[in-house]
Amino acid sequence: MEMLPVEILETIFKNLRYSDLKQASAVCHLWYNVYQRSSFLSKMAVHFKKELTPDTIELFLKSECLYQNICFTSIPFYDVSKSKRNLCRQDVIYEDVRFIGQLRRLLSKFADSLQMLSFCKCHLERNRLFEFLRMIPDLMSLEVEECIFAGDDTGQTLQLSKLKKFNFKYPEDEIQRFESGHIYYNMANNQCCLAKLKVQLLVNEMFGDLDSDLWEQVKAVARMVKHHKKTMKSFKADSFNDPALKKLLFDDDELQLEKVVFGELKLRKDDQVFYTFVEKQRKIKKLEIAIESNLDASNDQYLRAICDNLEQLEQFYYDMSRNSDGGLENLQKLRKLKNLVLTKNRNTVALTEHCFDQIYMPNLKSLGICYKELQLPAVRQIPISFPNLKALNLSECGKAVIDETVQLIFLSLPELESLDLSKCKQVTERAFLGTTRISSLRKLKDLVLEKCDGVTDLSLGAFDNPALKSISLAMCTRITNVGWEALCRQCPNITWLNASHCRNFDDESARIVATMLRELEILNLFKDCSLTNAAVYCIVENCQYLEDLCLTKCRGVKMKKAEYFDDKMNRVNRDCLKNRKQTLP
């Protein structure tokens, strides 16, 4: 077996079940690479949207590729116009027999390989949903977002023993929230080891009677957390504000979370539940939180409690609204923090231009600040307060990010590997043509300059950085073919390029990119209306390692669905192993 050519190994692997494939991949390095790179297995997510038809499904049934992630978006799985509720308040569901039959075949084909299944804004009949899920007993991740359910609730219990992640978002309509919430009853008793739970409840303390039917749905979430408290490591909830329910979930010593996300968390000074929570959950490594306190209140005491108790934090996403400079000083207590993102969505309690002066965090590797009112002196302090940054995101900091700021970054943070300056409209050509060039960032791999009017052909001519792997120039409307050629010539190792909404990007631009950036793996050309079919053919022919090509809303590209499928998906997948860089021994 060790002497067999890769092509024969691939043929053998195609006849194995997915579970057997995973075991075979652990035999040796050669087999693992064949398993990872072969065309019959794809980790890409397949997104089916409104136009999904039996004929479209047939194309995927004929494909040799097995997909691991499938997402259904805005699909009526039954005929909404014909379905109705009779006098006995029972739903009469009309389904397309051929369409449902094709869906069964589709899920049956991918049953062994499928790991994640997502339903978003779909019309679903409950029994049909349970039927589909029973076909995939090894499913590891399930997402149900804003779906409208119909049909009687039979009280079935899901048997997804390997499920690790569950994401549920209620619809905004109150009645639909009640009917869709029944799925929690079925999930609460599922015998699995749930590790990640994400819910968006749209419920607060003013919602109504705690004994109401809607509250019963929310209480089912609490039972689910209790049932999986020994294995659950990640929990996310939006608008999760009822004190009694919060206590029911978090007043438990056995629940030891590592990742927590709270959106729109309304707190009061006497809300002891929050302080108890941070005292007990000391193992949290990732926390994302937006606290909504009273208009005249300060959130400094909540930030202080977080920094005093959660010493293991490695990633922290925090909304600075209603915080002062003194509150931010507590951040330096988080000695293990590696990734910090600070946002400010409201302008009630102002941070001054010296908000970072008393902070020194040499261990921080990644910093993101999304704050429109950030002042220039605060940005000048960043290299001093955070001297060892590898990634810096200053998107939307329009007032503080000017030419001088960009030059300061190039000079003071030479170890940067990622830089995001998107939506910084005050940046001009001089930022890139000054005494310190972007070439001084020799380790820079990712660069985001979306909606930066100062990026022109002259700017790209100064991008002499062969280390660059990923660049986004979306909505940079002043770039012509001269600029694209300069970029490709000086940064030949780019594998990820976003050129969406670039009105001057035409067929000639596509030819330049395709012929000069032959290592491209991801190319986004969303809404580049000057492109035609010739650009698509040129890209597919020359970019041998291409994995993802976005041509959405390119009005000049006129391709039938079958032709589009063959050129963009089947063709790339089929030749993936043959064209991939030869790293096999």
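Here's what I pulled together on the structure shown here. (Residues numbered from 1 in each chain as written. Predicted model: local features only at pLDDT ≥ 70, side-chain atom pairs only at ≥ 80, totals over all residues. Heavy atoms only, no water.)

**Here we look at a positive patch on the surface**
In step 1: A cluster of basic residues, Lys285, Lys336, Lys338 and Lys365, forms a positive patch on the protein surface.
In step 2: Along the polypeptide, Lys336 turns up in the loop between α13 (325-328) and β15 (339-343).
In step 3: For Lys336, a relative accessible area of 44% corresponds to the partly exposed category. (Patch = residues over 30% accessible without salt bridge, like charges linked within 9 Å, V, L, I, M, F, W, Y side chains within 5 Å. Areas by Shrake-Rupley, 256 points an atom, 1.4 Å probe, with all protein chains shown as cover. Salt bridge = Lys/Arg side-chain N within 4 Å of Asp/Glu carboxyl O. Lys, Arg positive; Asp, Glu negative; His and termini not counted. Charge placed at Lys NZ, Arg CZ, Asp CG, Glu CD. Helix = DSSP H or I, 4+ residues; strand = E, 2+ residues; numbered from the N terminus. Buried < 20%, exposed > 50% of the residue type's maximum accessible area, 1.4 Å probe, protein only.)

**Some words on the packing of helix α4 (residues 54-62) against helix α5 (residues 97-109)**
In step 1: Their axes nearest at 10 Å, the elements α4 and α5 cross at an angle of 20°. One finds that α4 runs roughly parallel with respect to α5. As for the relative orientation of α4 and α5, their crossing is left-handed in sense. The segment α4 lies against α5, with Pro54, Asp55, Ile57, Glu58, Phe60, Leu61 and Lys62 engaging Arg98, Phe99, Gln102, Leu103, Arg105, Leu106 and Lys109.
In step 2: Here the residues of the contact of α4 with α5 are counted per class, giving 7 nonpolar, 1 polar and 6 charged. (Axes fitted to C-alpha atoms, helices over the stretch in contact; angles between N-to-C directions. Parallel < 35°, antiparallel > 145°, perpendicular 65-115°, else oblique. Left-handed = near helix turned anticlockwise from the far one by under 90°. Contact = heavy atoms within 4.5 Å. Nonpolar A, V, L, I, M, F, W, Y, C, P; charged D, E, K, R; others polar.)

**Thoughts on the packing of aromatic side chains**
In step 1: Using the criterion set out here, one finds 18 aromatic pairs in the structure.
In step 2: With centroids separated by 5.2 Å and ring planes inclined at 80°, the aromatic side chains of Trp484 and Phe505 adopt a geometry described as edge-to-face. With Trp484 in helix α18 (residues 481-490) and Phe505 in the loop between β21 (496-498) and α19 (507-516), this residue pair connects regions lying 21 residues apart in the sequence. For the residue pair Trp484 and Phe505, the accessibility class agrees, reading buried in each case.
In step 3: Three or more aromatic residues joined by ring pairs make a cluster, and in this case those are Phe48, Phe60, Tyr67, Phe72, Phe77, Phe99, Phe110, Phe119 and Phe132. (Phe/Tyr/Trp six-rings, centres within 6.5 Å; stacked < 30°, edge-to-face > 60°.)

**Things to note about the nonpolar core**
In step 1: Counting 156 residues, the largest nonpolar core has Phe72, Phe316 and Phe356 as the members making the most contacts within it.
In step 2: Once you skip the residues sitting within four places of it in the chain, Phe356 turns out to touch Leu328, Leu342, Ile369, Leu374, Ala378, Gln381, Ile382, Ser385 and Phe386.
In step 3: Counting 6 residues, the second-largest nonpolar core is a separate cluster that includes Leu9, Phe13, Ala24 and Leu30. (Core = buried A, V, L, I, M, F, W, Y, C linked by side-chain atoms within 4.5 Å.)

**As for the pattern of salt bridges**
In step 1: Taken as a whole, this structure holds 15 salt bridges when the rule is applied.
In step 2: As a salt-bridge pair, Asp55 and Arg98 come within 3.1 Å of each other at their nearest N and O atoms. Of this pair, Asp55 sits in helix α4 while Arg98 sits in helix α5, and the two are 43 residues apart along the sequence.
In step 3: Overall, the relative accessible area of 51% leaves Asp55 in the exposed class.
In step 4: Here Lys162 makes a salt bridge to Asp138, at a shortest N to O gap of 3.6 Å. Here Lys162 is found in the loop between β8 (148-150) and β9 (165-169), whereas its partner Asp138 is found in the loop between α6 (126-134) and β7 (141-145), with 24 residues between them in sequence.
In step 5: With a relative accessible area of 43%, Lys162 lands in the partly exposed category.

**Considering unusual backbone geometry**
In step 1: With a phi close to 65°, Met475 is a non-glycine residue in the positive phi region.
In step 2: Residue position: Met475 is located in the loop between β20 (470-472) and α18.
In step 3: Note on Met475: relative accessible area 31%, which makes it partly exposed.
In step 4: The backbone of Lys527 sits at a positive phi, close to 60°, despite the residue not being glycine.
In step 5: Relative to the helices and strands, Lys527 is located in the loop between β22 (522-524) and α20 (533-542).
In step 6: What makes Lys527 partly exposed here is its relative accessible area of 39%.

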